[in-house]
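Survey of secondary and tertiary structure
For reference, the chains in residue letters:
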Amino acid sequence: MSLLDRIPHWRLVKMATVLTALSPLVGAASPESNAAARDAAGPLAQQGAILYAVKCASCHGTRLEGGQHAPPLTGAAFRESWNQKTARNFYSRVLSTMPVNDPGSLAPEEVLRITLFCLATNGMKFNDEPANVAALNKLKLQWDK
Amino acid sequence: MRKAADPRPMVALCLALTLSGAAQAQAPRSATPSQAPRSDVPDGQWRYFGGSKRFERYSPLRQIDRGNVNRLAVAWVRPGLDATLTEQFPDLVPSSYLRGTPMMIDGVLYVPNAVGLIEASAAATGKTLWVQQPFKPTLREVAGQSVRGADSWQDGPDRRIIAVRGQYLYELERATGKPVRGFGEEGRVLLDRGTPDGAPYFNFNGPIVVGDVIVLGGNGGGRVGEGFGDSGAIKEAVPEDIRGYDVRSGRQLWTFHIIPGKGAPERQSWGEGSADYVGHMGAWGPLTADESLGYVYVPLTTPTGSYYGGHRPGNNLYSTSLVCLDAHTGKWVWGFQTVHHDIWDYDNASPPILGDITVGGRRIKAVMEANKNAFLYVLDRVTGKPVWPIVERPVPQSSVPGEHTAATQPFPTKPPAFDRQGLTPEDLIDFTPQLKREALEIVSHYEYGPLFTPPSVASPAPGGKKGTLTVPSSLGAAVWNTGAFDPQTGIYYATSTTFVEAIAVEKSKDPQATMQYQYAEGTPGAGGGGVITTKDGLPLVKPPYGRITALDLNKGEKLWTVANGDGPREHPLLKSLHLPPLGSPNRSVPLVTGTLLFVADSGNGVMGHMGVSGPAKLRAFDKKTGELVSETEIPAGATGGLVTYEAQGKQYIVVPIGSEKYGTGWVALALK
């Protein structure tokens, strides 16, 4: 069964709404950063945007802005928390703890895509988009202050 | 298999009484007791994660006192996840929100770790004794979230630890941590509720055992992919019913339906047939129990559509209510609704603390429920009747199309509210004229007023209002961390926070929406829980922003209030003013001992933003006066409850800590 087959119809509609709102990839910050995110997003990150909308947006916000019960996945606080860690660290955290009501239910390939989407949204640029989980080990997270 | 409890004895009379703030008495009846030691007998142990099942967060220990508390120092630190697990699963990286609060029984700490597996360690040294192993050696099985606590049970030599993790109820042998094979299937019971779309069950509070019955609430109740269910535009969900299980076999004994069944008069409080489709209302705060009465106390929360209730006209019993059940049978004893037709997300998210008070010369077995709205509802826990009158008063009415605001809400006449309620221009921050002007300008863009001013629709018109400012906010003046009770003195200590929150609703845009209105995407401040601040991040109102309030429940009066933590006194705009502590708006848990009141800063592991990012302070206050006696640095802020006990002749205080920088752990402090 494909991923889309497992998504309730009303969720798909919601997802389309979210994706429209995320145009071109996310609407989190300035037009400049939107463009940067779009440029940084490879095919896996773009698939991650769909997964994010289905699995994550209800708590973390459609623009990764966070919510009442969940921290933002963008902005200064997010970058401070993850600066100098590796993409694998972020991947492992998501894999181990999310979604909050059913941790462990996401497949590794789904978490890989969500990870790349979140990092692209935060302006991470990849020369070559990491194609597998192992490639995340060497990807250090750092942002200019 | 499921045996539904008789939902409503004596309901005809009760509906009217409950709606008017009273309740119906029923003769006490004990759950069948095993030989387990009672948790409510103080003996230097910490038999449940709230101290006892009464959840006083109290210990009579007094080795650490006012005269020596400044010699408190770190005795040991334990990681939030035992190294054997991280070695076995390198990708296991837990959340920094370590909820796990230990219980201490016979010199051993038992606590859910950072992924919810139980760990046992020596209370005096923190050294590992055993670690619960995942059911299968896979990351799918070991992945998880921390849970606030576990419980224990014994019958002679048969001693067990009871825990909830993910979708399962577990029993472990207390001596070894190995599964109790005769319990459920190989030591666990699936808690799936058979919701239409298979929404996963989850429970951050853990179980409570009363007699030989395990009682469970839950935090889900919604739909797949819906998160916590506070927003959204789908009215169809599932109520998070309360369930009882046989402690020996794991067989389900009863279900208490938190939306009354067909034929019950309370069902009339759900108009337009909404009782058939509305859900949520789960017990987000811990359950508590009176082991002598055999009663369990269940704090219930908001129904589907936390900020819009046009699809559920009526008072909506037993949403946002405190309900008392007979733990043995699951039968309803009494219920009290604290907020009618809740559209503020004013959950009863705090533990219903049990304690005995003396009012007008009469000894009363009381239950004290702190609501997010900053009222403490004090009831007779046998009858559900208010100790002091709780009166219905008119409240502002909603302008949102289709909404059915309750005409009145129940207001306790005593004790007074323990945090700020409502908003007026006089409440705004005024350390400098510039700050006051800025705050006035900000609030001019919103509706605001007294407590229970309802959410509103944001206007797109130039100069139109952006929604409603609510105080307290839906983040809560009081939630899981709030409340401790001193049975020596009858004093209740409320730790609370002050936030100004914007709540706006909008017409649902989603073509699949079944609610006419929903929480508005783009509500100002939504990324920080809707909190509205000045442009420089200062609160809009006067301090304190986090406070401790002592309430004398023998008299129903406030004794004192102190700021809890420094707050923004070092903010660039305030530093030169040399202000006293302003209070930090975080999730501080109180702990009362023989002479002191301990409160720790919370760490930003709590929901990722509710606390400090670096080292934190454990503060000791004189419990009589609120005077700050000492501050001790701990590596990160608290993310769960404070615990104290005596081991090998020494009093320890243990704090679950967590922050994004530090990670997670438990730090134990003792006199050096």
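1. Points about the overall build of chain B
The number of helices and strands found in chain B is four helices and 37 strands. Computed over C-alpha atoms, the radius of gyration of chain B comes to 24 Å, within 12% of the 26 Å expected from 2.2 N^0.38 for 672 residues, which places it in the range of a compact globule. Counting only residues that meet the buried cut, chain B has 66% of its 672 residues in that class. A fraction of 64% describes how many contacts in chain B between residues 6 or more apart in sequence connect residues 24 or more apart. Counting only carbon and sulfur atoms, one obtains 53% of the accessible surface of chain B, whose full area is about 21,500 Å². Considering chain B, the positive charge centre built from 65 side chains and the negative charge centre built from 65 side chains are found 3 Å apart.

2. A few points about the overall build of chain A
Each helix and strand in chain A was counted, giving seven helices and zero strands. Across the 145 residues that make up chain A, the buried fraction comes to 52%. With an accessible surface of roughly 6,400 Å², chain A has 54% of that area assigned to carbon and sulfur atoms.

3. Overview of the packing of helix α3 (residues 43-55) of chain A against helix α7 (residues 108-121) of chain A
All names here are of chain A. Packing of α3 against α7 brings their axes to within 7 Å, and their N-to-C directions diverge by 100°. In terms of their interaxial angle, α3 and α7 are classed as roughly perpendicular. Contacts between α3 and α7 pair L44, A45, Q47, G48, A49, L51 and Y52 from the former with E110, L112, R113, I114, L116, F117, C118 and A120 from the latter. Looking at the contact of α3 with α7 residue by residue, the class counts come to 11 nonpolar, two polar and two charged.

4. Some thoughts on the interface of chain B and chain A
Reports often express the size of an interface as the amount of accessible area lost when the parts come together. In this complex, chain B contributes 41 residues to the contact, which on the side of chain A involves 36 residues. Here chain B packs against chain A, burying approximately 3,200 Å² in sum over the two surfaces, 50% of which is carbon and sulfur. Linking chain B to chain A there are four salt bridges. Between K661(B) and E80(A) there is a salt bridge, with its nearest N and O atoms 3.6 Å apart. The tally of links between chain B and chain A comes to 12 residue pairs in polar contact (both at pLDDT 80 or more). Here the side of chain B that touches chain A is composed, by residue class, of 17 nonpolar, 13 polar and 11 charged.

5. Notes on the pairing of strand β35 (residues 643-647) of chain B
Residue and element names in this part refer to chain B. In terms of burial, β35 is a largely internal element, four of the five residues being buried. Relative to strand β36 (residues 650-659), β35 runs antiparallel, the two sharing five bridges. In the sheet register, T644 faces β36, and the bridge partner there is I653. Hairpin connection between β35 and β36: a loop of two residues separates the two successive antiparallel strands, and Q648 in this loop has a positive phi of roughly 50°.

6. Notes on the sheet that holds strand β30 (residues 557-563) of chain B
Residue and element names in this part refer to chain B. The antiparallel open sheet is built from four strands, whose spatial order is β25-β26-β29-β30. Whereas interior strands pair on both sides, the edge strands pair on one side only; in this sheet they are β25 (484-486) and β30. Across the sheet, the axes of successive neighbouring strands diverge by a mean angle of 20°, strand direction being ignored. For strand β29 (residues 546-552) and β30, the ladder comprises six bridges, and the chain directions are antiparallel. In the sheet register, R547 faces β30, and the bridge partner there is A563.

7. Structural notes on the confidence of the model for chain A
Of all residues in chain A, 71% have pLDDT values of 70 or greater, and the mean over the chain is 77. Considering only residues more than four positions removed or in separate chains, one finds that residues 1-34 of chain A, a stretch of pLDDT under 50, has 56 contacts.

8. Digging into the packing of helix α6 (residues 87-97) of chain A against α7(A)
Residue and element names in this part refer to chain A. Direction vectors running N to C along α6 and α7 enclose 125°, while the axes themselves pass 9 Å from each other. By the angle between their directions, the pair α6 and α7 is classed as oblique. Handedness of the crossing formed by α6 with α7: right-handed. Contacts between α6 and α7 involve A87, F90, Y91, V94 and L95 on the former and, on the latter, P108, V111, L112, T115, C118 and L119. Tallied by class, the residues present in the contact of α6 with α7 amount to 10 nonpolar, one polar and no charged.

9. Looking at the pairing of β36(B)
Most of β36(B) is tucked away, with nine of its 10 residues classed as buried. Between β36(B) and strand β37 (residues 663-671) of chain B, which pair antiparallel in sequence order, lie three residues.

10. Some remarks on α6(A)
Where burial is concerned, most of α6(A) is hidden: nine out of the 11 residues are buried. Along α6(A), the residues that are buried comprise A87(A), F90(A), Y91(A), S92(A), R93(A), V94(A), L95(A), S96(A) and T97(A). Turning to α6(A), the residues buried within the fold contact α5 (76-82) and α7 of chain A together with α3 (139-142) of chain B.

11. Quick word on α7(A)
An α-helical segment advances 3.6 residues per turn. Residues three or four places apart therefore align on the same side. Residue and element names in this part refer to chain A. Taking 1.5 Å of rise per residue, 14 residues should cover 20 Å, and α7 covers 20 Å from first to last C-alpha, within 8% of that figure. Most of α7 is tucked away, with 11 of its 14 residues classed as buried. Every buried residue of α7 is accounted for by E110, V111, L112, I114, T115, L116, F117, C118, L119, A120 and T121. Positive backbone phi, approximately 85°, marks G123, located one or two places after α7.

12. Section: the sheet that holds strand β19 (residues 362-370) of chain B
Residue and element names in this part refer to chain B. The strand order across the open sheet formed by three strands is β18-β19-β20, and the pairing between neighbours is antiparallel. Whereas interior strands pair on both sides, the edge strands pair on one side only; in this sheet they are β18 (353-359) and β20 (376-380). Going from strand to strand, the sheet's axes swing by 40° on average, the running direction of each strand aside. In terms of strand pairing, β18 meets β19 through seven bridges, oriented antiparallel. In the strand pairing of β19, T358 is matched with R363.

13. Section: the pattern of salt bridges
Opposite charge on two side chains permits pairing when their charged atoms draw close. Residues and elements named next belong to chain B. With the rule as written, the count across this model stands at 38 salt bridges over all chains. A salt bridge links R54 to E56, with the nearest nitrogen and oxygen atoms 3.1 Å apart. A salt bridge links E631 to K617; its shortest N-O distance comes to 3.8 Å. Taken together, the positions of E631 in strand β34 (residues 628-634) and K617 in strand β33 (residues 616-622) put the pair 14 residues apart, joining distant regions of the chain. Classification of E631 as partly exposed rests on a relative accessible area of 39%. Owing to a relative accessible area of 26%, K617 belongs among the partly exposed residues under this scheme.

14. Thoughts on a nonpolar patch on the surface
Together, V74(B), V77(B) and Y662(B) make up an exposed nonpolar region whose accessible area comes to about 240 Å². Within the fold, V77(B) resides in strand β1 (residues 72-79).

15. Some remarks on the packing of aromatic side chains
All names here are of chain B. In total, this model carries 26 aromatic pairs over all chains according to the counting rule given. Seen from their ring centres, Y318 and W332 are 6.1 Å apart, and the 40° between their planes marks the pair as tilted. With Y318 in the loop between β15 (295-299) and β16 (321-326) and W332 in strand β17 (residues 332-337), this pair connects stretches of sequence that are 14 residues apart. Here Y318 falls in the buried class, since its relative accessible area comes to 0%. The interplanar angle of 25° and the centroid separation of 5.8 Å between the aromatic rings of Y645 and Y652 together place this pair among those described as stacked. Across this residue pair, the class does not change: Y645 and Y652 are buried. Every member of this aromatic cluster is reached through a ring pair, and the members are F336, W344, Y346, F375, Y377, F411 and F452. Over the ring of W480 we find R148; its NZ or CZ atom is 4.2 Å from the centre of that ring. Cation over ring: R188 sits above F135, and NZ or CZ is 3.8 Å from the ring centre.

About the criteria used
- Residues numbered from 1 in each chain as written.
- Chains lettered and ligands numbered in written order.
- Predicted model: local features only at pLDDT ≥ 70, side-chain atom pairs only at ≥ 80, totals over all residues.
- Heavy atoms only, no water.
- Helix = DSSP H or I, 4+ residues; strand = E, 2+ residues; numbered from the N terminus.
- Rg over C-alpha atoms; globule rule 2.2 N^0.38 Å.
- Buried < 20%, exposed > 50% of the residue type's maximum accessible area, 1.4 Å probe, protein only.
- Contact = heavy atoms within 4.5 Å.
- Areas by Shrake-Rupley, 256 points an atom, 1.4 Å probe, with all protein chains shown as cover.
- Lys, Arg positive; Asp, Glu negative; His and termini not counted.
- Charge placed at Lys NZ, Arg CZ, Asp CG, Glu CD.
- Axes fitted to C-alpha atoms, helices over the stretch in contact; angles between N-to-C directions.
- Parallel < 35°, antiparallel > 145°, perpendicular 65-115°, else oblique.
- Nonpolar A, V, L, I, M, F, W, Y, C, P; charged D, E, K, R; others polar.
- Buried area = accessible area lost by both parts, 1.4 Å probe.
- Salt bridge = Lys/Arg side-chain N within 4 Å of Asp/Glu carboxyl O.
- Polar contact = N/O pair within 3.5 Å; in protein donor to acceptor, adjacent residues only side chain to side chain.
- Pairing = 2+ DSSP bridges.
- pLDDT = per-residue confidence, 0-100.
- Left-handed = near helix turned anticlockwise from the far one by under 90°.
- Expected span 1.5 Å × (residues − 1).
- Patch = residues over 30% accessible without salt bridge, like charges linked within 9 Å, V, L, I, M, F, W, Y side chains within 5 Å.
- Phe/Tyr/Trp six-rings, centres within 6.5 Å; stacked < 30°, edge-to-face > 60°.
- Lys NZ or Arg CZ within 6 Å of the ring centre and 35° of its normal.

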